[in-house]
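Residue-level structure breakdown
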Amino acid sequence: MKILVIEDEPQMLDTLVRSLEQEKYLVETASEYESALEKVSLYTYDCILLDINLPGGSGLTLLEELKKQQKTEGVIIVSARNSVDDKIQGLELGADDYLPKPFHMAELHARVKSVLRRRKFDGQHLHQLQNLQIDPDKHQVWVGGQELVLNRKEFDILLYLTTNKDRLVSKTALAEHVWGDYIDQADNYEFIYSQIKNLRKKLKDHGAEVEIQAIYGIGYKLVTA
Amino acid sequence: MKLLNHATTYFAGLLLAVLSVWAGLFYVNMLDEIYDSMDDGLENQKILVVQKANQDSTVLQQREFEAGYFRIREIPFNVALHAKDRYQDTLMYMQNEQDYEPVRMLTTVFERDARYYELRLITSMVEEDDLIEDLLYSLLWLYLGLLASILILNNLLLKKIWQPFYRLLHRLQHFRLENPTPVPVQPTNIDEFQLLNQTVEKLLQQNVAAYQNQKAFIENASHELQTPLAISLNKLELLAESQPLQEAQLEQIGAVMENLERLTRLNKSLLLLSKIENRQFLQEEEVPLAPLLQKSLQDFSDQLAFKEITVSQQAEEEVTLTMNADLAAMLVLNLLKNALVHNVKGGFLRIQLTQTTLSFENSGREQPLEEEKVFTRFFKEASSSASTGLGLPIVKAICDLYGFQIHYSYQEGHTFTVRFR
């Protein structure tokens, strides 16, 4: 999987690259408009992370250019300007997703995977992890061929954690992803724990070969047993 | 009281005083002149009567006034010796008026053939009360005439002269710092008004500029903070994943991340506030409130359940507001969040939605909050350090934008009521 990261802030770029490389993606970078345009014109990528504010031009112009060249890359706009207008304009110009800064890496990975899945497998793709099988579209889970019935929140948690397998997912990232952006009261994440507890029990009862670890003070991590 | 009327009142008072004093002096002077002239007349008559008496001694026999204007009585020498000319006012019965009327009387003595006579001469006098009455009426008419002139002068002339002032006043009255509308300054050739216009214009421009700068600063600062925040958070996430880390180190990283996340939320809220105040949410539509309320309750159902909060609601259907859909959601969400965050475990939440109001009542600390402070930014109860202190200010900003009233009260619980109409 080849990913192009277009970002002008060197530290941000470095962090994105390192995090994506951990997922075994092939990562290329561009940090201003001209080099970005050159790369997208010459090569084909599976996914592009695009910052809107670029030296030498706007990311939105680049999107128009992609559309003109009829490129089918999945584009995720990553912007510090959390403005509704940019979002609407970006999505209208063919971007797949819009992620306002700051964001959690877990969220970025989930979005990237979602874009890749939609682009490459037409959405027909089951997550397979040891004896665990997940259908993201039908909201179904099987353990060793036997269906595991989860409520919506449990399903969302499980899918998010498997998407970020072996990564540390902070409870804020998890809460925002599952409960929505507005669940933002730091003192109040204990309610997540009760859902995790139920999910753990169900996974264990069905003999799933994955385990949700609690990382003290930060969040959770899904590991294969 | 209006400025013009104010001046007129003073004028009326001053005029009354001036006219009264003037009338008094005028009256005294006039009376003095009249007496003077009457006394001269009496003096003259005295000479005439004495001359007549010299020619015709029967004159000396006129003992009473009756038909004449004088009477003569003989007096002994020793009385005559001490007598002086005396002018005095007295009353006399007048046939024409059928009443006693004032008369001026001269009492004098003269000598004829070594005999002494007292001569009393009278002349009809001005009726003082009639004079005063006439004078009073004249003055009243003069006074009223003057007042009328002043009023006319004020209302026609002064109003015209003060027009630039009133125009400026009207403009200031309708001036809003957050939404300044440029109004062309009316040219005037009065120096003071020119100066006033210029000064006010300058003052307003400075204020608008300062306000815009401040708003721009908050917005820019918030934007500029996003990237460093993102970098810090993401680097910490990378750090937390690098192996091997001890639990104590992870805990530290977790604490730093939590604070950065809090900073992020603060930043987002500030941005939202400045966007609301900058009126960047333009698109308006009919927003049904009941479904919005249900959706928010659904979103927060896990948290409500976790805190064991009993939710009761009375919601009328078909309540719609014409406003921006995002802001409507934000309004309901922030009110709900406020009622949830400041609630106690096992507490209650009562929501009421009518055609005119939406209110949230929640249990919490058992003492009322200061109503003036709850809507100010960063006002927080000590217990909830994790809240941004911007939720209610956002609610207030949305209410202000659409002209809704928001009100806090405390009875059984803390109640926030939004009145739409």
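As the structure is a prediction and not an experimental result, all values here were calculated from the model.

Points about the overall build of chain A
Tallying secondary structure elements over chain A gives 8 helices and 14 strands in all. The contacts in chain A between residues at least 6 apart in sequence include a share of 57% that link residues at least 24 apart.

Focus on the overall build of chain B
A tally of helices and strands in chain B yields 10 helices and 11 strands. Residue burial in chain B is summarised as follows: out of 421 residues, 20% are buried. Nonlocal contacts in chain B, meaning residues at least 24 apart in sequence, comprise 65% of its contacts between residues at least 6 apart.

Here's the deal with the environment of Leu 146 of chain B
Residue and element names in this part refer to chain B. Positionally, Leu 146 belongs in helix α3 (residues 128-161). Its 16 C-beta neighbours within 10 Å are what place Leu 146 among the partly exposed residues. Through-space distance from the C-alpha of Leu 146 to that of Leu 15 is 8.5 Å; in sequence the pair is 131 residues apart.

Considerations on the UniProt feature "transmembrane region" (unreviewed entry) in chain B
Residues and elements named next belong to chain B. UniProt marks residues 7-28 and 135-158 with the feature "transmembrane region" (unreviewed entry), using the numbering shown here. For residues 7-28, the end-to-end C-alpha separation is 32 Å, with 100% helix and 0% strand making up the annotated structure. Split by type, residues 135-158 is 100% helix and 0% strand. Its first and last C-alpha atoms lie 32 Å apart.

Digging into the interface of chain B and chain A
Taken residue by residue, the interface counts 34 residues in chain B and 34 residues in chain A. Residue assignment for the side of chain B that touches chain A shows that the elements contributing at least two residues are α5 (191-241), α6 (247-277), α8 (301-306) and α9 (325-341) of chain B. Here the residues of the side of chain B that touches chain A sort into 15 nonpolar, 8 polar and 11 charged.

What about the nonpolar core?
In this structure, Ile 6, Ile 48, Leu 49, Leu 50 and Ile 76 of chain A are the most contacted members of the largest nonpolar core, which totals 67 residues. A total of 6 residues in this core trace back to one element, the largest contributor, which is helix α5 (residues 105-121) of chain A. Setting aside anything within four residues of it in sequence, one finds Leu 49 of chain A in contact with Ile 3, Val 5, Ile 6, Glu 7, Leu 16, Ile 76 and Val 78 of chain A. With 38 residues, the next largest nonpolar core counts Leu 335, Val 395, Phe 416 and Val 418 of chain B among its residues.

Some details on the pairing of strand β3 (residues 99-112) of chain B
All names here are of chain B. The sheet contact formed by strand β2 (residues 86-94) and β3 spans 9 bridges and is antiparallel. For Met 94, the partnering residue across the bridge sits in β3 and is Asp 99. Hairpin connection, β2 to β3: the antiparallel pair is bridged by 4 residues, and Gln 98 has positive phi, about 55°. Both β3 and strand β4 (residues 115-124) contribute to a ladder of 10 bridges, which runs antiparallel.

Here's the deal with the pairing of strand β10 (residues 140-143) of chain A
All names here are of chain A. In terms of strand pairing, strand β9 (residues 132-135) meets β10 through 4 bridges, oriented antiparallel. By the bridge assignment for β10, Leu 132 is matched with Val 143. As paired strands, β10 and strand β11 (residues 146-148) are joined by 3 bridges and run antiparallel to one another. Note on β11: the bridge partner recorded for Val 141 is Leu 148. Hairpin connection between β10 and β11: a loop of 2 residues separates the two successive antiparallel strands, and Gly 144 in this loop has a positive phi of roughly 55°.

Some thoughts on the sheet that holds strand β3 (residues 47-51) of chain A
Residue and element names in this part refer to chain A. Across the sheet, which stays open at both edges, the 5 strands sit in the order β2-β1-β3-β6-β7 with parallel pairing between neighbours. Among the strands making up the open sheet, the edge pair consists of β2 (26-30) and β7 (97-100). If you compare each strand with its neighbour and ignore which way they point, the axes differ by 20° on average.

Observations regarding helix α7 (residues 289-299) of chain B
All names here are of chain B. Buried within α7 we find Leu 289, Leu 292, Leu 293 and Ser 296. End-on, the buried residues of α7 take up no more than an arc of 100°, which puts them together on one face. Turned more than 90 degrees from where α7 packs its buried face, Pro 291 and Gln 298 sit exposed. Tucked into the core, α7 has its buried residues touching β5 (285-288), β6 (310-315), β7 (320-323), α9, β8 (348-353) and β9 (357-362).

Observations concerning the packing of α7 of chain B against α9 of chain B
Residues and elements named next belong to chain B. Across the interface, α7 lies against α9 with an axial gap of 10 Å and an inter-helix angle of 45°. Relative to α9, the element α7 is oriented oblique. Of the two elements, α7 crosses α9, and the hand of that crossing is right-handed. Here Leu 292, Leu 293 and Ser 296 of α7 lie close against α9, whose contacting residues are Ala 328, Ala 329, Val 332, Leu 333 and Leu 336.

What about helix α6 (residues 152-163) of chain A?
For α6 of chain A, built from 12 residues, the straight-helix expectation of 16 Å at 1.5 Å per residue is met to within 8% by its first-to-last C-alpha distance of 16 Å. Every buried residue of α6 of chain A is accounted for by Glu 154, Ile 157, Leu 158, Leu 159, Tyr 160, Leu 161 and Thr 163 of chain A.

Regarding the packing of α6 of chain A against helix α8 (residues 190-205) of chain A
Residue and element names in this part refer to chain A. As a packed pair, α6 and α8 sit with axes 10 Å apart at the nearest point and diverge in direction by 80°. In terms of orientation, α6 lies roughly perpendicular with respect to α8. Along its contact with α6, which presents Lys 153, Glu 154, Ile 157 and Leu 158, the element α8 presents Gln 195, Ile 196, Asn 198 and Leu 199. Partitioning the contact of α6 with α8 into residue classes produces 4 nonpolar, 2 polar and 2 charged.

Brief notes about the sheet that holds β11 of chain A
Residues and elements named next belong to chain A. The strand order across the open sheet built from 4 strands is β8-β9-β10-β11, with neighbouring strands paired in antiparallel fashion. This sheet does not close on itself; its edge strands, each paired only once, are β8 (127-129) and β11. The mean inter-strand angle of the sheet, taken between neighbouring strand axes irrespective of direction, is 25°. The sheet contact formed by β8 and β9 spans 3 bridges and is antiparallel.

Some words on the confidence of the model for chain B
When pLDDT is averaged across chain B, the result is 85; 97% of the residues are at 70 or more. Overall fold confidence for the complex sits at a pTM of 0.66, while the interface term, ipTM, reaches 0.81.

Notes on unusual backbone geometry
Residue and element names in this part refer to chain A. For the bond running from Lys 101 to Pro 102, omega is -5°, close enough to zero to count as cis. Take Pro 102: it is sitting in the loop between β7 and α5. The phi dihedral of Gln 70 is positive, around 55°, even though this residue is not glycine. Its place among the elements puts Gln 70 in the loop between α3 (59-68) and β6 (74-79). Positive phi outside glycine occurs at Gln 130, with the angle close to 50°.

With respect to the environment of Ala 290 of chain B
Residue and element names in this part refer to chain B. Mapping Ala 290 onto the fold places it in helix α7. According to the C-beta neighbour criterion, Ala 290 is partly exposed, with 15 such atoms within 10 Å. In sequence terms Ala 290 and Glu 317 are 27 residues apart; their C-alpha atoms lie 6.2 Å from each other. For Ala 290, the residues in contact, after removing those within four places along its chain, are Ala 315, Glu 317, Val 319 and Leu 353.

About the criteria used
Residues numbered from 1 in each chain as written. Chains lettered and ligands numbered in written order. Predicted model: local features only at pLDDT ≥ 70, side-chain atom pairs only at ≥ 80, totals over all residues. Helix = DSSP H or I, 4+ residues; strand = E, 2+ residues; numbered from the N terminus. Contact = placed C-beta atoms within 7 Å. Buried ≥ 20, exposed ≤ 12 C-beta atoms within 10 Å, placed from the backbone. UniProt positions renumbered as here; feature names shortened; annotations may be inferred. Nonpolar A, V, L, I, M, F, W, Y, C, P; charged D, E, K, R; others polar. Core = buried A, V, L, I, M, F, W, Y, C linked by C-beta atoms within 7 Å. Pairing = 2+ DSSP bridges. Axes fitted to C-alpha atoms, helices over the stretch in contact; angles between N-to-C directions. Arc of directions from axis to C-beta. Parallel < 35°, antiparallel > 145°, perpendicular 65-115°, else oblique. Left-handed = near helix turned anticlockwise from the far one by under 90°. Expected span 1.5 Å × (residues − 1). pLDDT = per-residue confidence, 0-100.

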